[in-house]
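# Close look at the chain arrangement
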Number of protein chains: 6
Amino acid sequence: MKVVTFGEVMLRLQPERYLRFMQEPRFEATFGGGEANVAVSVANYGTDAEFVTKLPVNDIADACISKLKSFNVNTDNIVRGGNRLGLYFIEKGASLRPTKIIYDRKGSSIAEAKTSEFDWKKIFSGADWFHISGITPALSNSCLDISVEAVKVAKKMGLTVSCDLNYRSSLWNEKDYQRAIQKMLPYVDVCIGSIDELETACGIKGIPVDELANKVIKMYGCKYVSTILVEYCYSHDNHWQGVLYTEDYVYYSKKYDIRMIDRIGAGDSYSAGLVYSLVNNYEPQQAVEFATAAGALKHTIEGDMNMVSKEEVLALINK
Amino acid sequence: MKVVTFGEVMLRLQPERYLRFMQEPRFEATFGGGEANVAVSVANYGTDAEFVTKLPVNDIADACISKLKSFNVNTDNIVRGGNRLGLYFIEKGASLRPTKIIYDRKGSSIAEAKTSEFDWKKIFSGADWFHISGITPALSNSCLDISVEAVKVAKKMGLTVSCDLNYRSSLWNEKDYQRAIQKMLPYVDVCIGSIDELETACGIKGIPVDELANKVIKMYGCKYVSTILVEYCYSHDNHWQGVLYTEDYVYYSKKYDIRMIDRIGAGDSYSAGLVYSLVNNYEPQQAVEFATAAGALKHTIEGDMNMVSKEEVLALINK
Amino acid sequence: MKVVTFGEVMLRLQPERYLRFMQEPRFEATFGGGEANVAVSVANYGTDAEFVTKLPVNDIADACISKLKSFNVNTDNIVRGGNRLGLYFIEKGASLRPTKIIYDRKGSSIAEAKTSEFDWKKIFSGADWFHISGITPALSNSCLDISVEAVKVAKKMGLTVSCDLNYRSSLWNEKDYQRAIQKMLPYVDVCIGSIDELETACGIKGIPVDELANKVIKMYGCKYVSTILVEYCYSHDNHWQGVLYTEDYVYYSKKYDIRMIDRIGAGDSYSAGLVYSLVNNYEPQQAVEFATAAGALKHTIEGDMNMVSKEEVLALINK
Amino acid sequence: MKVVTFGEVMLRLQPERYLRFMQEPRFEATFGGGEANVAVSVANYGTDAEFVTKLPVNDIADACISKLKSFNVNTDNIVRGGNRLGLYFIEKGASLRPTKIIYDRKGSSIAEAKTSEFDWKKIFSGADWFHISGITPALSNSCLDISVEAVKVAKKMGLTVSCDLNYRSSLWNEKDYQRAIQKMLPYVDVCIGSIDELETACGIKGIPVDELANKVIKMYGCKYVSTILVEYCYSHDNHWQGVLYTEDYVYYSKKYDIRMIDRIGAGDSYSAGLVYSLVNNYEPQQAVEFATAAGALKHTIEGDMNMVSKEEVLALINK
Amino acid sequence: MKVVTFGEVMLRLQPERYLRFMQEPRFEATFGGGEANVAVSVANYGTDAEFVTKLPVNDIADACISKLKSFNVNTDNIVRGGNRLGLYFIEKGASLRPTKIIYDRKGSSIAEAKTSEFDWKKIFSGADWFHISGITPALSNSCLDISVEAVKVAKKMGLTVSCDLNYRSSLWNEKDYQRAIQKMLPYVDVCIGSIDELETACGIKGIPVDELANKVIKMYGCKYVSTILVEYCYSHDNHWQGVLYTEDYVYYSKKYDIRMIDRIGAGDSYSAGLVYSLVNNYEPQQAVEFATAAGALKHTIEGDMNMVSKEEVLALINK
Amino acid sequence: MKVVTFGEVMLRLQPERYLRFMQEPRFEATFGGGEANVAVSVANYGTDAEFVTKLPVNDIADACISKLKSFNVNTDNIVRGGNRLGLYFIEKGASLRPTKIIYDRKGSSIAEAKTSEFDWKKIFSGADWFHISGITPALSNSCLDISVEAVKVAKKMGLTVSCDLNYRSSLWNEKDYQRAIQKMLPYVDVCIGSIDELETACGIKGIPVDELANKVIKMYGCKYVSTILVEYCYSHDNHWQGVLYTEDYVYYSKKYDIRMIDRIGAGDSYSAGLVYSLVNNYEPQQAVEFATAAGALKHTIEGDMNMVSKEEVLALINK
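The following paragraphs examine the structure supplied in this document. Along each chain, residue indices are assigned from 1 in the same order as the chain's sequence is written. Lettering of chains starts at A and numbering of ligands starts at 1, both following the order in which they are written. Side-chain atom pairs in this predicted model are given and counted only at pLDDT of 80 or more, local residue features only at pLDDT of at least 70, and totals for whole chains, interfaces and linings cover all residues. With hydrogens and water stripped out, all remaining heavy atoms of the structure feed into the side-chain values.

## Thoughts on unusual backbone geometry
Unusually for a residue other than glycine, S95 of chain A sits at a positive phi of about 50°. For S95 of chain A, the position within the fold is in the loop between β7 (87–91) and β8 (100–104). Burial classification: accessible surface area is computed with a 1.4 Å probe over protein chains only, and a residue below 20% of its type maximum counts as buried, one above 50% as exposed, and the rest as partly exposed. Residue S95 of chain A is classed as buried on the basis of its relative accessible area of 3%. The backbone of N281 of chain B shows a phi angle near 60°, a positive value even though the residue is not glycine. Mapped onto the elements of the fold, N281 of chain B is located in the loop between α8 (266–279) and α9 (284–298). Strands here mean DSSP runs of E at least two residues long; helices mean DSSP runs of H or I at least four residues long; both are numbered from the N terminus.

## Comments concerning empty space enclosed by the protein
Buriedness of a pocket was judged along seven lines, with at least five required to meet protein on both sides within 12 Å; pockets are open sets of points on a 1 Å grid over the protein atoms alone, cavities are sets where a 1.4 Å probe fits but cannot get out, and lining residues have an atom within 4 Å of a point. Grid points are joined across faces, edges and corners, and a volume is the space filled by probe spheres set on the points. With the rule as written, the count across this model stands at 8 cavities of 30 Å³ or more. Together, 36 residues line the largest cavity, and Y18 and I261 of chain A, Y18 of chain B together with Y18 and I261 of chain C are the ones closest to its centre. Around the second largest cavity sit 26 residues that line it, and E16 of chain A, E16 of chain B, E16 of chain D, E16 of chain E together with E16 of chain F are the ones nearest its centre. Gly is put with the polar residues, along with every residue not named as nonpolar or charged; the nonpolar set is Ala, Val, Leu, Ile, Met, Phe, Trp, Tyr, Cys and Pro, and the charged set is Asp, Glu, Lys and Arg. Residues of the lining of the second largest cavity, tallied by class, amount to no nonpolar, no polar and 26 charged.

## Quick notes on the relation of the copies chain F and chain B
Overlaying chain F on chain B yields an RMSD of 0.0 Å, the required transformation being a rotation through 180° with an accompanying axial translation of 0.0 Å. Those values place the two copies in the arrangement expected of a two-fold rotation axis. Residues of chain F ranked by C-alpha distance from the rotation axis are headed by F27 of chain F, positioned 2.6 Å from it. In this analysis, two residues are considered to be in contact whenever any of their non-hydrogen atoms come within 4.5 Å of each other. Looking at chain F, 100% of its interface residues are interface residues in chain B too, so the copies touch through the same face. For the least-squares superposition of copies, only C-alpha atoms count, and only for residues with pLDDT at least 70 in both.

## Brief notes about the state of the cysteines
Residues and elements named next belong to chain B. Defined by distance alone, a disulfide is two cysteine sulfur atoms within 2.5 Å. Across all of its chains, the model carries 0 disulfides over all chains by this definition. Cysteine C191 remains unbridged, with the sulfur of C222 as its closest cysteine sulfur at 5.0 Å. For the unlinked cysteine C202, the closest cysteine sulfur is that of C191, found at 8.5 Å.

## Some remarks on the packing of aromatic side chains
Note on ring pairs: Phe, Tyr and Trp rings are taken, using the six-membered ring of Trp, and paired if centres are within 6.5 Å. Classes follow the plane angle, with under 30 degrees stacked, over 60 edge-to-face and the rest tilted. In this structure the tally under the stated criterion is 102 aromatic pairs over all chains. Ring centres 5.2 Å apart and planes at 35° place the aromatic pair Y276 of chain A and F290 of chain A in the tilted group. Here Y276 of chain A is found in helix α8 (residues 266–279), whereas its partner F290 of chain A is found in helix α9 (residues 284–298), with 14 residues between them in sequence. Its relative accessible area of 4% is what places Y276 of chain A among the buried residues. Owing to a relative accessible area of 0%, F290 of chain A belongs among the buried residues under this scheme. In textbook terms, an aromatic cluster arises when at least three aromatic residues are bridged by ring pairs, as seen for F6, F118, W120, F124 and F130 of chain A. A cation sits over an aromatic face here: K92 of chain F above Y18 of chain F, 5.4 Å from the ring centre. Criterion for a charge above a ring: Lys NZ or Arg CZ within 6 Å of the ring centre, and within 35 degrees of the ring normal.

## Notes on the interface of chain F and chain B
Facing 26 residues of chain F, the contacting portion of chain B comprises 26 residues. Reported buried area values correspond to the accessible surface (1.4 Å probe) lost by two parts on association, with both partners' losses combined. Of the roughly 2,100 Å² buried at the junction of chain F and chain B (both faces included), carbon and sulfur atoms supply 65%. Contact with chain B buries area across many residues of chain F, yet M22, D59 and I60 of chain F alone supply 24% of it, more than any other trio. Salt bridge, as used here, is a side-chain nitrogen of Lys or Arg placed within 4 Å of a carboxyl oxygen of Asp or Glu. At the junction of chain F with chain B, the criterion picks out 8 salt bridges. Here E16 of chain B ties to R26 of chain F by a salt bridge, and the two come within 3.4 Å at their closest N and O atoms. In protein, a polar contact requires one atom able to donate a hydrogen and another able to accept it; more generally it is a pair of N or O atoms within 3.5 Å, and residues adjacent in sequence count only if both atoms are side-chain atoms. Where chain F packs against chain B, one counts 9 residue pairs in polar contact (both at pLDDT 80 or more). At the level of elements, β2 (10–14), β3 (26–32), α2 (59–70), β7 (87–91) and β8 (100–104) of chain F are the ones that each hand at least two residues to the side of chain F that touches chain B. Top contributing element to the side of chain F that touches chain B by residue count: β3 of chain F, with 6 residues. Broken down by class, the residue content of the side of chain F that touches chain B amounts to 14 nonpolar, 3 polar and 9 charged.

Now the structure itself:
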């Protein structure tokens, strides 16, 4: 089985511990981005994973590829060129003080990539699953075009397509988002999102989440819709439970109480858990349990990427 | 509007994280001190602030001034000379283990400063508010004289005078404290302190806090008395609520549950929040909300100084 | 009064903070091991303590001895020679993610030490108490022989003998453990262990803990049996209460709720607290209070060794 | 006396010590840029200095301003807005391995600033000297326009104008550089550059440096032309001597042998030394000695900015 | 073209900077070992490289494999199992103080591996070159057997075989070394070693190096013999020149003066440079230049592994 | 053999690497002081050593004693009490930039100690050698009294007395120094100092060093006078040679070229080398070789204290 993901990966710059920006002249420097995080998780669990993007020709981008390789992620179809690697600054919140993120991703190589640079037929050859998020089409008009083409080709070639609806208000407004995401949804088999994102994506507000999920399944022919029920206690604690909807049934996972080390990428880990378990034919209940436990564990790990094994996820489920 | 504060600023030496003293051969080295912390907070919120003290002529003291300048605090009236910069060692407590502080401030330049070195008329020219704490008069007999002179001149020149009653048993005993603080209180408009400090300052024990506050208002002609109701759960959690007394009314703030990163300077942040909001004519309820939220946020920040903006304080209030 | 302990001390290698193994190319490097930890605690409280082991001739082992000396532990009878210092890697768990330990202690100098290398009569001359754990006899057949000889000689020479039953499944199976520990128990006066360990040691399962403790007292002629009642809340919180059984009576300590910094060595600190208080003739209730508070404080300190003073333990008890 | 400088300041990201990019997941994060570095040096020596630029509205840019303030640099005329703070990655060379720099400054707020955003008449009011480098006009067409306007207004208002010819091949080609710099040179009084830069700027190659300097003085009416004679020994040692040309005379400084800690910003420190000494009416020989010693000392200091006092520069000269 | 290497890779533990062992409680933790270092270099230059060894099943060994993957080294034939990962402690020398190394590699998985665990026919299928050092046969009798079998099979299958003669007195004596290496030399095409090692390997002492190299070529049918002429100036400087002998001619490289950052692995980098250039059909002069420059650059990089590109090596040659 | 030393030990606070004061908010925190450094070195070489001083009752002073114990230095006669531990800030110079030291030792416990607190007869019982420096009598009048008493008692009890003439202009002037040191010199057997210090101590300037040494020997009845011939090349290199004068003969050591890591304490290491070798009856030539090599090695070690073994010193001599 092989999973392909496509999107932006960024340099992540973060003050140490709970320091505010520049309280010390030092940043932790790692890499992250929704679809890259998913590829890493899937590879960690033992399924072939490939990440596709465009990166500039410089040592920082080389280091990014080297890091992906260290996680066993295939990087053969990463296009090289363009002006820059996107980056983001993050200051971890603590207790009453919220986490702060400053994006500096404008003009990145992937945002300025062209449709012609990605040969999806070649990329998808031998693949079984394609995963993308709602961030990729937001990067630029050409990224929207590439994203739509990718899901179309994937669907046509028989891959299962999953999409994390991720809406980023820093990149576009709700209207543009809706218009774009609706171009992609007809090709999506597994749709993951918060209640707000599901509402915005399909333009329906105010109905119960079960109905909403069912609407999405019917409107776009999805096989699965999934959401995470989260309760935050400021920046330190989190209650977290996954829900997986099929046309006929709703599957709820165990609920976890989490003391957070790093919340960034938890949603990606959830998506990756779903992708991994479904591509490996887990039953829906098993799948939502795996995804939720995987996402819960991510909260305990520094950085965007979820460095846990399949055995560790299963151990948490069976605890 | 311009706020002047006067007191001692020290070099703060602290083992990293929750390590015990010298568990690693390394100290985090920052600066802090009640009145300096207040000036930094006030400047952070956008009001002119000046800090007055005496510092020796060496590179460590230069670094201290440079740090104050980086926070936009005016340092023009800092006197240079004397033998040394006071310092303190702090080991952060964790859970059942309490925080430990070792002061090494004897013989500091400010403790040995003379009355003639501070020209308060010049310093207060153009200023609207003067803030001092109960620590400054404790440093030495001359510091007591300077403090009393400062509040007198401030009052005479029409500034509002605030005093944080801070009693430090390592510097003097309750009797000396009482005698000293009572020389200053007649010139104080805003009096901030714990219940114990209010009792010690005015020499009345065992009456309800509301009555006590009212006594202080009447005895010394204060406009406001303020206290913080704190419940500690060992070294990790804190419940925190501010109270502001006027002659006629008591204003309670929201109550915050805090998981602590660094508790030092939280009281100073509360004072600064009160000074800032009152000098800018906030209503009493707004003022106590601002002070309490500011102090609550301080618990989430490493070091003595509260690196939060006015917007962040308001965001917490309105959450 | 003088306490002697005997066992293995290892180099402990740990990623910083809550990082997973090799997430950064750096390990914190300290030393630790059950009986060494006990010696350090006892010395910290002000009673003479000596640690006996075998260490190779190299700079890392020298550093280990230097560290023991810095805690005032006598190292005069440490044998030098053999191939290597045992070591262990530890990755601290966080919230839902459990702590992970990788031992690399095979072939260590102490594991390959011979009976003839330790002259227990000489070592115990002038000593009042001997402490050992269930780990030492597990290291090798010769270590089992040395351990049995040590408790025999100690008993004969009138020392009080304490044993922490510590069962390590990575070193042997329950059956071998039982056979070994039963060779030692007849010489043990103070027997410390979890309920599971007590059951395995004496081969009786399923009876109430009070009965079980009484059985151990009677079967082996122990004066005291002690256990800790622990409830874990994942990797962050811990409820902790000590119990001390004599033939006639059961003593319960206060119960502590702990937010953990580092749990490793907490059991050793409990044992050390018991050893220290009993060798100094504390009453049983005082002893179990001291041991429990000491162990509780250990949770707040990085590394295996409990860096707290007698005064700090008493302050927690009296809080 | 007051010196104004104008240009780009960037976030500088650097692996620790001599590590290659991303050999550890951590960057040292400081700020730097030619004209900002000059302003910091001038302020360090005790002369009023102001730095003008455009910076985005975010916490990283706030930290940059805070850092400038800590050095006593006036930041009142920094324009806020635009998309991003430029940044550069630097890997320090060692011995045979050269230093490596990756710029990521495209689309920065200053590069996209407009002429109308800077009111030079207001900015220069009360100022005596204006300093700019050849990097600023390279950032964009509008930056070229702003730069030309700035030197014109400065000249007209009677300020002395200095320009460090800095040619950056990563930003433009020699031809564009020449065309741009020749628009500025007629307004420049003090022209600083390497021999190559002097040749490229005035379009004359292959004549002796003394003649070349004289040509520049005559062609553009400069009062001073200055260059540094450098011999590199790989990445560790440097021989360094300044030369100052007037129409009639050549002044050579002492020659220094330097073991390098950080070479970045040494040229800026030389320029700043020249600006400081000339604005304070040093004799030419004194000026070139001061500039050369200041630049030499910069090699011993981490980061772009030269943290040395006037006294330290003079001590080196008089050694 | 594909290069296979076989040997031991260890965890390398090193105090930071020039600190002595345990001067701080922290080790830098990286991986290294002669043949692993060669594989990394070859992969860095763009030729397929595979490293073969045996590693235990634990997270530290996983991290080692992950690191090799990050450098694009194929790890498919690494056998998993056995007791432990070998490790070594290194304290970097400084000036007059020599570097100190403590090996702790006894009982490692590779040392205890069996002949039957490596299917060399399968491993070498599709490969062009096999590289091994004199350290691998020293690890154990079975490692000697595996090494001899590997060079025999490689030779038979038409691979070019290179051997770095590395003699380690901590692992065996000269006599055992000689006996072992002479079993391998008849299958070696490219023999690399110091003069001492060449003498010990072939049992001839005291003749000029040129004659010695010729002897080795004739005795064992090598195509190339290579040595490095090194002059040390204590622990900081190094003069370094490579020599490549063929039957008919001697090729000398340029000579480099190096200020050292980390000397460990420089010899491996030289070997890798030779392997890379010869497998890619460089002329002998080009090959020795490439190897020497590669080795020289290694001195400037922390850790065992040479993180330089082909372009950087060529740039140094052409400087 | 047993060596006693007496003086002040301080907390040493230093920015990391070559950073200027407060360039990062962090200090390395170690301990050092002339006579403490001597005791550590002597203990490292295997001879009993005791350090006598007065230290306050706090955790930082406890850590200091713990550090001394870790080096096997006897601390039994350290008096506890007084106000504070002296400290000093040090910024390491680099190349042209000199090292900078800021003392903050006024009012330290030892400076305010009284004569009656040290029972020299008891302290010296069983000792063979007493070492002191010219810094101790400079700390205060009572320290001068204690120092004079100590050398008198030592002499009377038959100990050999050595004195490092160390003149500190920050503590007193040459005249006071001379008056004080001349009270001590009649009891000194081994007198160590720079040429300047020898001149100042005995009040004779401008005669050749050999004559000067001879004068000192005759005037004060010393057995040995020793000096180090140092040539500095800025802050990085050092040429270093010891000279030992007896009444009849001059012994010169080998001369070392040193690249410096940390120069502080090199003189103390030289003194310690002399003390160690003479107390163990080395021949004069051996003694000066040992002292010089020991001092040379100190330049390669971070911190005040010389962490080298006797074997390492001998290895350098025999290199």
